[in-house]
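Summary of the model geometry
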Amino acid sequence: MTTKKFAALLRGINVGGARKVPMAELRQVLEGLGHGDVQTYLQSGNAVFSTARTDPDPTDLARELEAAIEARFGFAVPCLVVDGAYLRAVADACPFPAAELEGKQLHATFFSEQPGAERFAGIDGPSYLPEEYRVGDRVVYLYAPDGLGRSKLVEALARPAVVRGIDVTSRNWNTVVKLIELTG
């Protein structure tokens, strides 16, 4: 039986003591949904799993996981599910020199659907230099040389005009690379 590997990216858990989702329990939730080869990475909501389902839809997998998490923990957690091939394509299309940068300087913000150019119309990119962003396939690449904590551009990219109605979650480049390895 052929299996396909996916990464589940959970948004906004285990931050500042709120919305606690222990990774051991997240693995149990995924296994309870019938998934195998379940692994978690870090405490920030990254999980990898395989499924033997025929032609699984990542959006359906995400909605099932969201429902199971809410049933288990009592609060909603937006989830994105992507396959290993998509993660590899994101890395291959990176417009920044990822190999030359520290992982904290480069981030990928994953979108549940492709954001239209109009969402970014109010962002004056040059005014944020040396920070930069580029839009890819359901992802925004963010180069923040001083990290996200000091980034002004990340604030602009998180405005409601950009993210309203779309599930988004960000990962630093080190995490993207590790998830590619785990789903490979």
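First, a word on what this report is: a plain description of the structure on this page.

Conventions and cut-offs
Residues numbered from 1 in each chain as written. Predicted model: local features only at pLDDT ≥ 70, side-chain atom pairs only at ≥ 80, totals over all residues. Heavy atoms only, no water. Pairing = 2+ DSSP bridges. Helix = DSSP H or I, 4+ residues; strand = E, 2+ residues; numbered from the N terminus. Axes fitted to C-alpha atoms, helices over the stretch in contact; angles between N-to-C directions. Contact = heavy atoms within 4.5 Å. Core = buried A, V, L, I, M, F, W, Y, C linked by side-chain atoms within 4.5 Å. Buried < 20%, exposed > 50% of the residue type's maximum accessible area, 1.4 Å probe, protein only.

**Here's the deal with the sheet that holds strand β3 (residues 46–51)**
With antiparallel pairing, four strands are arranged side by side in an open sheet as β2-β3-β1-β4. At either end of the open sheet lies a strand with only one pairing partner, and these are β2 (36–41) and β4 (79–83). With strand direction ignored, the average angle separating the axes of adjacent strands in the sheet is 20°. In this structure, β2 lies alongside β3, joined through four bridges in antiparallel fashion. When the bridges of β3 are listed, Gly 36 appears paired with Ser 50. In the packing of helix α1 (residues 23–32) onto the sheet, contacts are made with β1 (4–10), β2 and β3, and the angle to β2 comes to roughly 155°. Together, β1, β2 and β3 form the strand contacts of helix α6 (residues 173–183), whose direction differs from that of β1 by roughly 150°.

**Some remarks on the nonpolar core**
Within the largest apolar cluster, 22 residues are counted, with the highest numbers of intra-cluster contacts made by Leu 87, Val 90, Phe 110, Val 139, Tyr 141 and Trp 173. Top element by residues in this core is α6. It accounts for five residues. Residues contacting Leu 87, with those up to four places away along its chain left out, are Ala 7, Val 82, Phe 110, Leu 179, Ile 180 and Thr 183. Counting 21 residues, the second largest nonpolar core, distinct from the first, contains Met 23, Val 29, Leu 61 and Ala 62.

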